[in-house]
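# Understanding the architecture of this molecule
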Amino acid sequence: MKLAKGSRVAVLTSGGDAPGMNAALRGVARVGTELGFDVVGVEEGFQGLVEGRFVPVSLRSLDEAARRGGTVLGTARCKVFPTPEGQKRAREQIEANMIRGLVVIGGNGSLTGARTLVGFETSHGPLLVGGVPASIDNDLGCTSMAIGVDTAMNTIVDACDRILDTAAAHRRTFLVEVMGRDCGYLAMTAGIAAGADAVIVPEIGKSEDEIVDQVYRTVERAYAGSDARRRVLVIKAEGVKIDAAKLKERVDALVADRLKDVDSRVTVLGHVVRGGTPTAFDRLLGARLANAAVRAIGDGMSDFMAGWYGPGMKTPPCNYDPYVVLPNLGDVLTETQNLMRGESMIAQWRKRVYQEVESILNR
Ligand code: F6P
């Protein structure tokens with residue numbers, strides 16, 4: 001059944017912030033208002049939901065915010081919400097504030113939280129819950145892109161371009177560590193775009209010794225021979241469980257024995273990768289996923305995520321946007337697990353590409 005005009009739809013951002021979240025908030029607010037809903041924001045994700053921190057949304061200020069990174073509503077990794085007490089308090093707040101629709105913008109943990117509210121019957125009718133994928137890690141199933149990935153990739157490429165300038169000037173080797181949690185997607189895509197000599201990702205499953213050997217061989221190739229370029233860029237995903245400083249130390253030890261005048265440095269980009277002005281793509285992705293999510297809730301749908309269409313997807317595109325799918329939230333969480341365990345079709349394709357790329361980059 002369609003959601004009646006005047007119904008209250010809440011929106012929150014949760015988990016690690018991602019550039020483009022504000023654009024998604026703007027999309028929810030603008031489309032929701034256009035459809036006749038009373039759109040309210042929830043401060044600091046599920047923490048604000050538990051504490052009943054609902055705030056009016058201002059279309060004017062969201063227009064400004066959409067150009068910026070972070071999230072104007074704030075975000076949190078909430079410890080209380082998953083507990084029985086947290087769930088109870090959140091449901092009481094939803095009831096007391098007459099919320100009928102909820103849009104959750106975030107990553108895996110946030111969508112897991114959203115799923116727990118599916119099926120909640122308020123005294124005004126069922127709560128309709130929709131998710132919008134936002135995480136720089138691109139580790140979610142049922143969406144080929146999450147909000148924030150494109151900006152993060154551009155930020156890494158920009159940082160690597162700068163690092164390569166100084167690497168070339170000093171003929172140095174740089175080990176650059178980038179975020180991505182347990183997923184190597186950001187490291188690999190940014191590495192290819194930046195022209196890295198090697199990219200180390202967790203999906204390949206190399207041992208520490210194998211990684212040291214790979215980096216050493218990359219350095220050797222770059223410094224030996226008359227046509228050698230004598231500078232190296234290695235990108236390591238944070239999910240690879242060898243500390244960047246330790247990797248440098250071990251490679252340096254091998255280099256000291258066999259190569260002359262090779263100097264190395266480590267740069268951990270850390271949270272720099274998560275901030276900054278969202279790219280046009282991330283703003284548009286945020287707007288389009290938000291548009292489909294609010295329209296679906298308006299049409300009475302619940303228990304779904306608005307994902308960006310891609311290969312191997314079982315759900316066909318939705319009627320609101322030919323690039324947006326609306327898979328069931330449970331399927332999204334299962335597919336995410338499969339992706340991270342390396343079992344999904346996309347995970348296997350990514351792994352094959354990562355293996356192929358290793359020798360292509362190191363020439
Ligand atoms: O999930 C996004 C992410 O930035 C990961 O890439 C990273 O591992 C993690 O969050 C960092 O979390 P926090 O900001 O809580 O340190």
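Residues numbered from 1 in each chain as written. Predicted model: local features only at pLDDT ≥ 70, side-chain atom pairs only at ≥ 80, totals over all residues. Heavy atoms only, no water.

### A few points about the overall build of the protein
Inclusion rule: What counts as a helix is a DSSP run of H or I of at least four residues, what counts as a strand is a run of E of at least two, and both are numbered from the N terminus. Within these notes, the globule rule equals 2.2 Å times the number of residues to the 0.38 power, and the radius of gyration is based on C-alpha atoms. Any residue under 20% of the maximum accessible area for its type is buried, any over 50% is exposed, and the rest in between are partly exposed; the area is computed with a 1.4 Å probe on protein chains only. For this analysis, residues touch if any pair of their heavy atoms sits within 4.5 Å.
Helix and strand counts for the protein come out as twelve helices and 14 strands. The C-alpha atoms of the protein give a radius of gyration of 23 Å, which matches the 21 Å a tight globule of 363 residues would have. With the C-alpha coordinates aligned to their principal axes, the bounding extent of the protein is approximately 75 × 40 × 40 Å. Out of the 363 residues belonging to the protein, those deemed buried represent 54%. Taking as baseline every contact in the protein between residues at least 6 positions apart, the subset at least 24 positions apart corresponds to 76%.

### Quick look at the pairing of strand E4 (residues 99–106)
To keep things clear, this is the line we draw: A pair of strands is considered paired only if DSSP assigns at least 2 bridges between the two.
Counted residue by residue, E4 has eight buried out of eight residues, so it is predominantly covered. Inspection of the sheet shows strand E1 (residues 8–13) paired to E4 by six bridges, in the parallel sense. Counted as the bridge partner of Ala 10 is Leu 102 from E4.

### Re the sheet that holds strand E8 (residues 173–178)
For clarity, the threshold we go by: In this description, a line fitted to the C-alpha atoms serves as the axis of each element, helices being fitted only across the stretch in contact, and the angle between N-to-C directions of two axes falls anywhere from 0 to 180 degrees.
The strand order across the open sheet formed by four strands is E9-E10-E8-E11, and the pairing between neighbours is parallel. At either margin of the open sheet sits one strand with a lone partner, and together these are strand E9 (198–200) and strand E11 (264–268). In this sheet, adjacent strand axes meet at a mean angle of 20° when their direction is disregarded. Of the strand pairs in this sheet, E9 and strand E10 (residues 232–237) are connected by three bridges, and their pairing is parallel. Bridging from a neighbouring strand, Ala 198 pairs with Val 234 of E10. On top of the sheet, helix H8 (residues 208–223) reaches E8, E9 and E10; it is set at about 170° to E9, its chief contact.

### A short note on the site of the ligand
Short version of the rule: Each residue is tested against the molecule or strand, and it is near if at least one of its non-hydrogen atoms lies within 4 Å. We define a polar contact as two N or O atoms separated by no more than 3.5 Å, with the added condition that, inside protein, one atom must be a possible hydrogen donor and the other a possible acceptor, whereas residues neighbouring each other in sequence contribute only through side-chain atom pairs. Note on areas: Shrake-Rupley, 1.4 Å probe, and residue coverage restricted to the protein chains presented here. Residue polarity follows a fixed list, in which Ala, Val, Leu, Ile, Met, Phe, Trp, Tyr, Cys and Pro are nonpolar, Asp, Glu, Lys and Arg are charged, and the others, Gly among them, are polar. Domains are outlined according to an automatic or database domain assignment.
Within the structure, the ligand sits among Arg 77, Ile 136, Asp 137, Met 179, Gly 180, Arg 181, Glu 238, His 271 and Arg 274. The contact in question runs from an oxygen atom of the ligand to an N or O atom on the backbone of Gly 180, over 3.1 Å. Coverage of the ligand by the protein chains reaches 74% of its 400 Å² of free accessible surface. When its residues are assigned to classes, the shell around the ligand shows two nonpolar, two polar and five charged. Residue-level mapping places the shell around the ligand at the junction of two domains, with at least three residues from each of domain 1 (8–148 + 278–341) and domain 2 (150–274).

### Focus: the state of the cysteines
As a reminder, the rule being used: Here, the term disulfide refers to a pair of cysteine sulfur atoms separated by no more than 2.5 Å.
Applying the stated criterion across every chain, the model contains zero disulfides. The thiol of Cys 318 is unpaired, and the distance to the nearest cysteine sulfur, on Cys 142, comes to 14 Å. Using a relative accessible area of 13% as the deciding quantity, one classes Cys 318 as buried.

### Quick notes on the sheet that holds strand E3 (residues 54–56)
If you trace the six strands from one edge of the open sheet to the other, you get E3-E2-E1-E4-E7-E12, paired in mixed fashion. Because the sheet does not close on itself, it has two edges, and the strands there are E3 and strand E12 (304–305). Examined bridge by bridge, strand E7 (residues 128–133) and E12 share two bridges and lie parallel to one another. Residue Gly 131 lies in a different strand from E12, and its bridge partner there is Met 305. Along the sheet face, helix H1 (residues 21–34) touches E1, strand E2 (38–42) and E4 and points at about 155° away from the line of E4. Against the sheet, helix H5 (residues 108–116) makes contact with E4, E7 and E12, and its axis sits at roughly 160° relative to E4, the strand it touches most.

### Looking at the pattern of salt bridges
Where we set the bar: A carboxyl oxygen of Asp or Glu within 4 Å of a side-chain nitrogen of Lys or Arg is what we treat as a salt bridge.
Enumeration over the complete set of coordinates arrives at 27 salt bridges. Notably, a salt bridge pairs Glu 208 with Lys 246, separated by 3.1 Å at the nearest N-O pair. Residue Glu 208 is found in helix H8, and its partner Lys 246 is found in helix H9 (residues 244–258); the two are separated by 38 residues along the sequence. A relative accessible area of 39% means that Lys 246 is categorised as partly exposed. Note that Arg 250 is salt-bridged to Asp 209, the shortest N-O span being 2.8 Å. Pair noted here: Arg 250 is in helix H9 and Asp 209 is in helix H8, with a separation of 41 residues, a long-range link. Overlapping salt bridges, with partners in common, bring together Arg 26, Arg 30, Arg 60 and Asp 63 in one network.

Fair warning: the whole summary comes from geometry, so function is off the table for now.
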